[in-house]
Amino acid sequence: MEYAHEAIAQLAHQVTQVFKAALEQRLASSPAVVTLADVEKEMRELLRQMGAQALSQFLSLGAGTPVAELPCACGGTLHYQRQREATVTSVFGRITYERAYYAGCQCGKGRAPVDDPYGLVPGAVTAGLAALLGLGGIELSFDESRDWLKAFLLFEVSENTIRSETQALGAVQEEREAEVCQQSQDLDYLQARLREKTPLPTWLYGSLDAAKVRIEPRAKEGKKPENTEAWRDMKVGCWYEAEPVPPVQRSTRQRGKFERVQAVFRAKNMRYYCDILEADAFGKLMWGTGCQVKADLVPELVFVCDGAVWIWNLVKLHYPHAVQIVDWYHAADRLERVAQAAFAALTDRTPWLEQVTADLWAGRVTPVIQACEQLAARCEEARQAVTYFANNVSRMKYDQYRAAGYWIGSGTVESGCKQIVTQRLKKPSAQWDVDGAVQTAKARAAWLSGEWDAVCAKRAALPLAV
Ligand SMILES: [Zn+2]
């Protein structure tokens with residue numbers, strides 16, 4: 001929207017006068033040095049109070065001329081009662097507005113029709129505030145976000161409200177995912193995608209991982225906490241595209257040993273999704289979200305993951321044509337752990353590690369397995385590595401992948417796991433039940449995937465019917 005410059009100037013002039021008068025009055029009673037920061041803070045508070053009044057007046061405008069009767073949802077008839085006040089918490093704080101209120105139906109329910117198009121629920125928060133509370137709640141613990149948000153909003157919202165609004169946004173994301181999964185079962189939809197003109201990326205990457213979340217429900221009011229602490233796997237999936245990073249933009253880490261000889265990529269258009277689900281059910285989410293990004297249609301679909309069996313089983317089931325690559329860093333790290341466990345002396349460890357790492361880099365997995373076998377008798381880590389490499393031989397043709405220009409590191413989804421699970425769900429004070437953990441994680445994943453606005457728009461439910 002655009003506002004007339006003249007109108008803004010006039011309002012600003014009035015604000016200045018009101019502000020100046022209040023400031024002079026305050027200084028008269030208690031003289032003090034006023035900094036610019038003080039002025040900003042006080043003026044912001046004044047504007048907040050004006051906003052609250054303006055929003056309240058705007059909502060009351062919608063009251064209109066009441067009609068005598070309205071049809072009730074039950075089929076009966078509602079009768080106009082009176083102009084009735086309602087209170088909601090908005091981005092400007094608590095506001096009260098008036099609207100026509102209808103009741104008197106045999107079902108006993110009342111209704112204020114003006115609330116409906118705005119998605120207003122008396123006593124609750126507005127959609128605009130919910131979006132901001134969610135932004136706090138996906139980033140910090142609910143307790144911390146209360147203080148953090150107060151600095152921006154200039155009023156306090158309870159920890160519980162921040163929790164419930166954040167998780168409500170996660171529930172909206174859950175609904176969106178359910179719709180996508182439903183759609184992916186529809187043949188007409190799947191075929192319609194073939195006729196779409198939008199160009200497909202040549203290469204699409206997928207990755208899956210999991211991280212542990214401690215489930216320990218909070219004590220319900222008046223009840224003792226249930227003794228149900230348990231660790232559950234939060235599975236995280238990611239779809240992304242890769243673009244090469246020009247040499248001048250590479251970070252020090254990216255200029256590491258192997259990147260000197262390999263193209264360095266960065267991920268773009270990342271989409272994360274997550275849930276605490278068994279592998280089968282998570283596979284459905286992977287298929288549904290994959291259909292949305294046309295993972296089944298792109299010329300080259302590449303999965304770069306760690307070596308977990310459930311992951312490759314899902315990939316084989318849903319995307320049998322995909323190129324499967326064991327993340328280079330996981331594989332190389334495995335060798336490092338064997339070397340650490342098997343050799344006490346650096347003089348023995350270093351040459352062994354250099355040789356096997358070079359073999360692996362060149363896609364020569366057989367000598368890597370043999371080298372581990374030679375250590376197997378005296379080293380458990382080496383025995384496990386033999387199985388690991390033997391099970392993944394076909395996913396470790398690193399020479400071929402590099403030649404084909406594939407990105408062989410799965411840092412993207414790991415960073416997703418870190419950002420979603422470690423950074424938010426593993427905060428020291430965090431206590432989660434399964435739904436709370438999942439919904440908070442889904443809200444955070446939506447933000448990281450650039451889907452926040454879409455989630456908030458769905459939360460706001462209906463456009464303003466002005
Ligand atoms: Zn009724």
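Note that this is a predicted model, so its numbers are computed, not measured. (Residues numbered from 1 in each chain as written. Predicted model: local features only at pLDDT ≥ 70, side-chain atom pairs only at ≥ 80, totals over all residues. Heavy atoms only, no water.)

**Concerning the pattern of salt bridges**
Rules: Whenever Lys or Arg places a side-chain nitrogen within 4 Å of a carboxyl oxygen from Asp or Glu, that contact is recorded as a salt bridge. Secondary structure elements are taken from DSSP: a helix is a run of H or I of four residues or more, a strand is a run of E of two residues or more, and numbering for both begins at the N terminus. Exposure is judged per residue with a 1.4 Å probe applied to protein chains only, and the accessible area is read against the type maximum: over 50% gives exposed, under 20% gives buried, and values in between give partly exposed.
Taken as a whole and assessed by the stated rule, the structure comprises 27 salt bridges. With a shortest N-O distance of 3.6 Å, arginine 146 and aspartate 147 are connected by a salt bridge. Here glutamate 451 ties to arginine 176 by a salt bridge, and the two come within 2.8 Å at their closest N and O atoms. Of this pair, glutamate 451 sits in the loop between helix H16 (434–448) and helix H17 (452–459) while arginine 176 sits in helix H6 (residues 159–183), placing them 275 residues apart in sequence. Note on accessibility: glutamate 451 and arginine 176 belong to one class, buried. Taken together, the salt bridges that share partners define one network made up of Asp143, Arg146, Asp147, Glu159 and Arg163.

**Here we look at the coordination of the zinc ion**
Applicable threshold: Water is absent from the atoms considered, so a metal site may look incomplete; donors are defined as N, O and S atoms within 2.8 Å of the metal, or 3.2 Å for Na, K and Ca. Sites are called tetrahedral only when four donors show all angles between 85 and 135 degrees, square planar or octahedral only when four or six donors show opposite pairs over 155 degrees and all other angles between 65 and 115, and irregular in any remaining case.
Bound to the zinc ion on the protein side are Cys72 (SG), Cys74 (SG), Cys105 (SG) and Cys107 (SG), at distances that span 2.3 Å. With 4 donor atoms in place around the zinc ion and angles of 95 to 118 degrees between them, the coordination shape is tetrahedral. When the donors of the zinc ion are listed by position in the chain, the intervening gaps give C-x1-C-x30-C-x1-C. Of this pair, cysteine 72 sits in the loop between strand S1 (69–71) and strand S2 (77–90) while cysteine 107 sits in the loop between strand S3 (93–103) and helix H3 (115–118); the two residues are 35 residues apart in sequence, bridging distant segments of the chain. The class of cysteine 72 is buried, set by a relative accessible area of 12%.

**Structural notes on the pairing of S2**
Regular strands show a simple pattern: their side chains alternate between the two faces of the sheet. What counts, and what does not: Any two strands are treated as partners once DSSP identifies two or more bridges connecting them.
When S1 meets S2, the two strands line up antiparallel, connected through 3 bridges. By the bridge assignment for S2, glutamate 69 is matched with histidine 79. With 11 bridges joining them, S2 and S3 adopt antiparallel strand pairing. Counterpart to arginine 84 in the pairing with S3 is arginine 99. The turn joining S2 and S3, which pair antiparallel and follow one another in sequence, is formed by 2 residues.

**Quick look at the confidence of the model for the protein**
Keep this limit in mind: A score between 0 and 100, pLDDT records how confident the predictor is in each residue. The contact definition used throughout considers only heavy atoms, calling two residues in contact when any of these lie within 4.5 Å.
A residue-level look at the protein finds 91% of positions with pLDDT of 70 or above and a mean pLDDT of 89. Of the regions scoring below 50 in pLDDT, residues 462–466 engages in 7 contacts with residues more than four places distant in sequence or in other chains.

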